[in-house]
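Residue strings, one per chain:
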Amino acid sequence: MTEFENPVSVIYKCTEELKALSETEKVELRVELEAKKKENFQLVADAAMKEYEEKYNRDVFPVDEYWVYMVADYGATGEGSTHCLYLTQALPYGDDFTEDNRYVPINSKQYRAVREFHEKFGTWMLGGLRFLSKEDFFTEYAYYIPPVMMKLSNKNCYKTFYTEVHYNFS
């Protein structure tokens, strides 16, 4: 695509080219795209974990903490501000295991958490994704978290929480 080419015509052109692929080529393309998606999730997880390491001076989540606390903030002039919060146990499933071993996941907890975050909020919000400690999550973002989640924060129970808040004053 050139700088001034109409994006709609490019999409149409690509659509026609995709239609022309054989079934084998389509399968190969899906496999390649899925591998790229996994690679990108791992890159996001690594970057967020690096920031976590620098902030908290530790390279893993606390052993006694079962949940992963994530936030992404986006703001742009004229577009407002969006805040996405996600709390998950990032439990393994599906292709997190090999055929030979269905007990030990091959994907990291960070990867699984990023994958879940992406499922809820999409690709755009991955750009600002950060892992937080439990204390920072419930302190810095308390005004976005319902009281029931605050009460459950120290309870050992299965819980998943997510919210997206967007506001624009223009």
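Up top you'll find the structure we're talking about.
Predicted model only: the values in this text are computed from it and were never measured.

Peer 1: Talk me through the sheet that holds strand E1 (residues 68-76); I want residue IDs and the actual numbers.
Peer 2: Strand order in this open sheet of four strands is E3-E1-E2-E4, and the pairing throughout is antiparallel. Two strands close off the open sheet at either side, each with one partner strand: strand E3 (129-132) and strand E4 (161-167). Across the sheet, the mean angle from the axis of one strand to that of its neighbour is 15°, orientation sign disregarded. Here strand E2 (residues 80-88) runs beside E4; their pairing, made up of seven bridges, is antiparallel. Within the sheet, the bridge partner assigned to Leu 87 lies in E4 and is Phe 161.

Peer 1: Please give an account of unusual backbone geometry that cites residues and values.
Peer 2: The residue Asn 57 is not glycine, and still its phi comes out positive at about 55°. Following the sequence through the fold, Asn 57 ends up in the loop between helix H2 (23-56) and E1. When its relative accessible area of 72% is taken as the criterion, Asn 57 is described as exposed. Look at Ala 90: it is not a glycine, yet its phi comes out positive at around 50°. With respect to the helices, strands and loops of the structure, Ala 90 is situated in the loop between E2 and helix H3 (109-121). By relative accessible area, Ala 90 is classed as buried at 1%.

About the criteria used
- Along each chain, residue indices are assigned from 1 in the same order as the chain's sequence is written.
- Where local features are concerned, this predicted model is filtered to residues with pLDDT of at least 70; where side-chain atom pairs are given and counted, the filter is 80 or more; whole-chain, interface and lining totals use all residues.
- Side-chain numbers come from the whole structure's heavy atoms, not from hydrogens or water.
- Strand pairing requires that DSSP identify at least two bridges connecting the strands.
- Only DSSP runs of H or I reaching four residues or more are called helices, and only runs of E reaching two or more are called strands; each is numbered from the N terminus.
- To define axes, lines are fitted to C-alpha atoms, for helices over the stretch in contact only, and angles between the resulting N-to-C directions are given on a 0 to 180 degree scale.
- Each residue gets one of three labels from its accessible area relative to the maximum for its type: buried under 20%, exposed over 50%, partly exposed in between, using a 1.4 Å probe on protein chains only.

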